[in-house]
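# Structure at a glance
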Amino acid sequence: MSPPYDTNTTSDELVKDYADLIRGKVVLTTGVSPGGLGAAFVLAIAKAEPSLLILAGRDSKKVAQTAADVAAINPNVKTRDLLVDLESLQNVREAAAMVNSWTDVPAIDVVMNNAALMAVEYGKSVDGFERQLAANHLGHFLLTNLIMGKVLASTSPRVVFVSSAGHRFNPFRFGDYNFDDGKSYNKWRGYGQSKTANILTALSLAKKLGHRGLQAYSLHPGVIMTNLGNHLDWQKDIEGCREVDSAMGNEEAFRTGFGAVKSMERGVATHIYAAFDPNLSEHNGSYLLDCHVGDPFTETVKPWATSHVEAEKLWVLSQKLVGQEFSY
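Below or above, wherever it landed, is the structure these notes cover. On a predicted model such as this, the values are computed, not experimentally measured, just so you know.

### A closer look at the pairing of strand β6 (residues 215-220)
Most of β6 sits inside the fold, with 6 of its 6 residues counted as buried. Between strand β5 (residues 158-162) and its parallel partner β6, the chain crosses via helix α8 (residues 187-209), and the hand of that crossover is right-handed. Pairing of β6 with strand β9 (residues 287-289) involves 3 bridges; the strand directions are parallel. In the strand pairing of β9, Leu219 is matched with Leu288.

Right, dumping it as structure tokens:
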């Protein structure tokens, strides 16, 4: 059994406990800009000697800075930059082709799908999808599946999707995922839809590929002040959250509130737990928070995010939207 990890567990504690499991691993992480959870994750695990950290992001300067920060922490850890814009399916395909061409990287042990947009004003990706849907879900869905051959070549493959308790803001809108071209758009509902999609995708991958050894998880890192929300006016936007919670009947609007803000070290702990905990396999596909499996009876785990029917509907739709089938 794992120790009784909880909301106060830090990244350093887990890196110490999982050092033997991290050592020698190849880990691909999206969204590694300095000041974000992706960068905090790779910097934390760098201390335990992974063999290669693949740093994926769309800003070459920010990716390079995180690579330099890794080298400063542990010069023995190799890094490789991967430029990818998750809002462009063509760019995602090119990035995946690049990864698949690396003959010196035959396997990828962990894919940490961390990059995200949060509560942005309405806009469409180059492919015509609402931006949060494109960046948070479709880009990761396509990238992960296109490099799945290398993931399954690992002896202990894992795929993790960084979701959010914000999935409570909206189920997936199968009939109108683009919010009527913005006419019915609410930025928090758009965020909620994309985070629900992350949870459902992990559920699908666990079901489809669990028999081949793949473990897939989604997670809520907690309420953390990162660069993800730099564009928001929180005095105003917190009211927007409450309005959506109230309309959805969520207890956060009436009783529990949003929870205490976590430090980066506590927030990224659940990333590390999802990527390396040795005792999670019996909970394959689960949504994690505070370094444990979320309880739908006592914690914010909405039923629309735990439905295998919704998960399969989203899988079929996602294949259609990216223009490619993945038959597992």
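### Here we look at the packing of helix α3 (residues 37-45) against helix α11 (residues 269-276)
Each pair of packed helices can be described by the angle between their axes along with the distance between the axes. Orientation of α3 relative to α11, taken along the N-to-C sense of each, is 60°, at an axis distance of 9 Å. On the basis of the axis angle, α3 is oblique to α11. Judged by the sense of rotation from one axis to the other, the crossing of α3 with α11 is right-handed. Here Leu37, Phe41, Ala44 and Ile45 of α3 come into contact with α11, specifically with His271, Ile272, Ala275 and Phe276.

### As for the environment of Gly139
Within the fold, Gly139 resides in helix α6 (residues 131-146). As for Gly139 and Asn91, which are separated by 48 residues in sequence, their C-alpha atoms are 9.2 Å apart. When near neighbours in sequence (up to four residues on either side) are disregarded, Gly139 contacts Leu86, Val92 and Ala134.

### Description of the side chain of Gln215
Locating Gln215 in the fold gives a position in strand β6. Among the residues examined, Gln215 registers a relative accessible area of 16% and is labelled buried. Gln215 has contacts with Pro157, Arg158, Val159, Leu280, Ser281 and Asn284, leaving out every residue within four places of it along the chain.

### A few points about the side chain of Gln132
Assignment of secondary structure puts Gln132 in helix α6. A residue is classified by how much of its surface remains accessible, and Gln132, at 0% relative accessible area, is buried. A distance of 3.2 Å separates a polar side-chain atom of Gln132 from the backbone oxygen of Lys187. For Gln132, the residues in contact, after removing those within four places along its chain, are Leu117, Met118, Ala119, Val120, His137, Tyr185, Lys187, Gly190, Tyr191 and Ser194.

### Considerations on the nonpolar core
Core analysis: the biggest nonpolar cluster contains 48 residues, and Leu28, Ile108 and Leu205 have the highest contact counts within it. Listing elements by their share of this core, those giving two or more residues are β1 (26-30), β2 (52-57), α5 (89-101), α6, α7 (148-152), β5, α8 and α12 (308-322). Setting aside residues no more than four positions away along its own chain, Ile108 makes contact with Val26, Leu28, Ile54, Val99, Ile147, Lys150, Val151 and Ser154. Formed by 40 residues, the second largest nonpolar core is a distinct cluster that contains Ala44, Val162, Tyr273 and Ala275.

### Some thoughts on the packing of aromatic side chains
Following the criterion strictly, the structure yields 11 aromatic pairs and no others. Arranged with centres 6.3 Å apart and planes meeting at 80°, the rings of Tyr5 and Tyr273 form a pair that is edge-to-face. Of the two residues, Tyr5 sits in the segment before α1 (11-17) while Tyr273 sits in helix α11, which places them 268 residues apart along the sequence. For the ring pair Phe179 and Tyr185, a centre distance of 5.4 Å and an interplane angle of 85° mean the geometry is edge-to-face. The class for Phe179 is buried, based on a relative accessible area of 0%. Of the residues examined, Tyr185 reaches a relative accessible area of 15% and is grouped as buried. Taken together, the aromatic side chains of Phe141, Trp315, Phe326 and Tyr328 make up a single cluster linked through ring pairs. Geometry around Trp102 places Arg80 over its ring, the cationic atom sitting 4.8 Å from the centre. One residue, Lys313, lies across the ring of Phe174, its end atom 4.4 Å from the ring centre.

Thresholds applied
- Residues numbered from 1 in each chain as written.
- Predicted model: local features only at pLDDT ≥ 70, side-chain atom pairs only at ≥ 80, totals over all residues.
- Heavy atoms only, no water.
- Buried < 20%, exposed > 50% of the residue type's maximum accessible area, 1.4 Å probe, protein only.
- Helix = DSSP H or I, 4+ residues; strand = E, 2+ residues; numbered from the N terminus.
- Right-handed = clockwise from strand over helix to strand, strands pointing away.
- Pairing = 2+ DSSP bridges.
- Axes fitted to C-alpha atoms, helices over the stretch in contact; angles between N-to-C directions.
- Parallel < 35°, antiparallel > 145°, perpendicular 65-115°, else oblique.
- Left-handed = near helix turned anticlockwise from the far one by under 90°.
- Contact = heavy atoms within 4.5 Å.
- Polar contact = N/O pair within 3.5 Å; in protein donor to acceptor, adjacent residues only side chain to side chain.
- Core = buried A, V, L, I, M, F, W, Y, C linked by side-chain atoms within 4.5 Å.
- Phe/Tyr/Trp six-rings, centres within 6.5 Å; stacked < 30°, edge-to-face > 60°.
- Lys NZ or Arg CZ within 6 Å of the ring centre and 35° of its normal.

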